[in-house]
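Chain and residue survey
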Amino acid sequence: MSVREIVALGTASQVPTRLRNHNGYFLRWDDEGFLFDPGEGTQRQMAFATLAASALNRVCVTHFHGDHCLGLSGIIQRASLDRLPHPLYVHFPASGMQYFERLRFASIYHPAAEIVPCPIEERDELVVVADTPAYTLYAHALVHGVPTVGYRLEEKSGRRFLPEKLAAAKIHGPMVGELARQGFVERDGVRITADEVSTFRPGTVVAFVMDTRPCKGALALARDADILVMEATYTAEDQQLANEHGHSSAADAARTAREANAKKLAITHFSQRYASTEQHVRDAKAIFDDTVALHDLDHIQIPRRR
Ligand SMILES: [Zn+2]
Ligand SMILES: [Zn+2]
């Protein structure tokens, strides 16, 4: 079965530390690879995670603060160096086009990869930024003092065939595939529809909410998500700093996960002022129990919905 997982490439905020790189989150989603917020040093972190540039199909930038985008130049140049055999789509807030262009051409190289800029209108509603037969990728504006968007990847819903009902209808082997494709099969002159022998299977949802105050955009992105990756720069004790700087505390992230009915919360983007994330985890778990604090190079498996 194909793999779905998140690999944390960097979990620091503004200043990288000896233990935490600038941001970077690789999402392996079946045959595709998404890279969220390539901060400085992302290429090297990819090497530590044994991720090749060829694994990337989409780069999703939330905003153009350096800790979320300074690695974009390296990723784009690497795509050329490695002669990426497919296009690399780069999603980013439209008002940051000048920063994207500068990063794209930050130094001398021979452009050989197909880089597809996909600017996103920063709107206060979910907007579709990519739609494929397998998934829809949405963005929503966040509240951070500079134009920022969060992302939501939603698998297309489908159906799950019920073995006992298939058996009762004497449908097996290639007939199941035929039923899935055309929605019905004929058996002994009787027409059996897919609806009669299956149930609805909602798609898996992953949400990335980086720099923001808690806001309705964060909630919309995280609604019913199987996993919410959210910034938690500060502890509850430093809530005032979070409010002043347009960030979230661990408690804010936990409240977002709880209100949005997310199933799991992974907090990240920790300020360098903290030697450990134990307090962040305590703050969050008091509100939303299924919380983990990300470390660089952590892997989180994404369960499939049944
Ligand atoms: Zn940041
Ligand atoms: Zn920021």
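Residues numbered from 1 in each chain as written. Chains lettered and ligands numbered in written order. Predicted model: local features only at pLDDT ≥ 70, side-chain atom pairs only at ≥ 80, totals over all residues. Heavy atoms only, no water.

**Notes on the coordination of the zinc ion (ligand 2)**
What counts here: Here the term donor refers to an N, O or S atom within 2.8 Å of the metal (or 3.2 Å for Na, K and Ca), and because water is left out of the atoms, sites may appear incomplete. Four donors are marked tetrahedral only if all angles between them lie between 85 and 135 degrees, whereas four are marked square planar and six octahedral if opposite donors are more than 155 degrees apart and the other angles lie between 65 and 115; the remainder are marked irregular.
Looking at the metal site, the zinc ion (ligand 2) is ligated by His-63 (NE2), His-65 (ND1), His-144 (NE2) and Asp-211 (OD), spaced 2.1 to 2.3 Å from it. Metal-centred angles of 91 to 166° between the four donor atoms at the zinc ion (ligand 2) mark the site as irregular. Sequence positions of the residues that donate to the zinc ion (ligand 2) give the spacing H-x1-H-x78-H-x66-D. Taken as a pair, the zinc ion (ligand 2) and the zinc ion (ligand 1) show a spacing of 3.6 Å, with Asp-211 coordinating each metal.

**Things to note about the domain arrangement of the protein**
Using the following cut-off: Marked domain ranges trace back to an automatic or database domain assignment.
With domains assigned, the protein is organised as domain 1 (4-157 + 202-301) and domain 2 (159-198). Of note, the centres of domain 1 and domain 2, computed from C-alpha atoms alone, are 41 Å apart.

**Some details on the coordination of the zinc ion (ligand 1)**
Quick reminder of the rule: A 1.4 Å probe rolled over the protein chains alone gives each residue an accessible area, and that area as a share of the maximum for its type sets the label: buried under 20%, exposed over 50%, partly exposed in between.
At the metal site, the zinc ion (ligand 1) is ligated by Asp-67 (OD), His-68 (NE2), Asp-211 (OD) and His-269 (NE2), and these contacts range over 2.1 to 2.2 Å. Bound by four donor atoms, the zinc ion (ligand 1) shows angles of 87 to 163° at the metal and therefore irregular coordination geometry. Summarised as a motif, the one-chain spacing of the donors to the zinc ion (ligand 1) is D-H-x142-D-x57-H. Under the relative-accessibility criterion, Asp-211 is labelled buried at 1%.

**Brief notes about helix H3 (residues 72-81)**
Note the following rule: Under the DSSP-based scheme used, a helix requires at least four consecutive residues in state H or I and a strand at least two consecutive residues in state E, with every element numbered from the N terminus.
Where H3 is concerned, the buried positions are Leu-72, Ser-73, Ile-75, Ile-76, Ala-79 and Ser-80. One or two residues past the end of H3 sits Arg-83, with phi positive at roughly 45°.

**Re the packing of helix H9 (residues 250-260) against helix H10 (residues 278-285)**
Note the following rule: Only the contacting stretch of a helix is used when fitting its axis, a line to C-alpha atoms as for every element, and angles between N-to-C directions run 0 to 180 degrees. Here a crossing is taken to be left-handed if its near helix is turned anticlockwise relative to the far helix by less than a right angle, and right-handed if that turn runs clockwise. Any two residues having at least one pair of non-hydrogen atoms within 4.5 Å are treated as being in contact. Side-chain classes follow a simple rule in which Ala, Val, Leu, Ile, Met, Phe, Trp, Tyr, Cys and Pro form the nonpolar group, Asp, Glu, Lys and Arg form the charged group, and the remainder, Gly included, forms the polar group.
Put simply, H9 and H10 touch, their axes get as near as 8 Å, and they point 35° apart. Once H9 is placed against H10, the crossing between them reads as right-handed. Judged by residue contacts, Ala-250, Ala-251 and Ala-254 of H9 engage His-280, Asp-283 and Ala-284 from H10. Across the contact of H9 with H10, the residue classes break down as four nonpolar, one polar and one charged.

**Thoughts on the packing of aromatic side chains**
Inclusion rule: Stacked, tilted and edge-to-face pairs are distinguished by plane angle, under 30 degrees for stacked and over 60 for edge-to-face with tilted covering the rest, among Phe, Tyr and Trp rings (Trp via its six-membered ring) whose centres lie within 6.5 Å. A ring has a charge above it when a Lys NZ or an Arg CZ is no more than 6 Å from the ring centre and no more than 35 degrees off the ring normal.
Scanning the entire structure with this criterion turns up eight aromatic pairs. Residues Phe-34 and Phe-36 carry aromatic rings whose centres are separated by 6.3 Å and whose planes lie at 10° to one another, so their mutual orientation is stacked. The class for Phe-34 is buried, based on a relative accessible area of 0%. For Phe-36, a relative accessible area of 2% gives the class buried. A network of ring pairs unites the aromatic residues Tyr-25, Phe-34, Phe-36, Tyr-135, Tyr-151 and Phe-208 as a single cluster. Directly above the aromatic system of Trp-29 lies the positively charged group of Arg-4, at a separation of 4.1 Å from the ring centroid. The ring of Phe-184 has Arg-191 lying over it, and the distance from NZ or CZ to the ring centre is 3.9 Å.

**So, the pairing of strand S2 (residues 24-29)**
Put simply, the rule is: When DSSP finds at least two bridges between two strands, those strands are taken to pair.
Most of S2 sits out of view: five of its six residues are buried. Relative to S2, strand S1 (residues 4-10) runs antiparallel, the two sharing six bridges. In the sheet register, Arg-4 faces S2, and the bridge partner there is Trp-29. Examined bridge by bridge, S2 and strand S3 (residues 32-36) share five bridges and lie antiparallel to one another. Residue Leu-27 lies in a different strand from S3, and its bridge partner there is Phe-34. In this structure, the hairpin formed by S2 and S3 is closed by a connection of two residues, where Asp-30 is found at a positive phi of approximately 55°.

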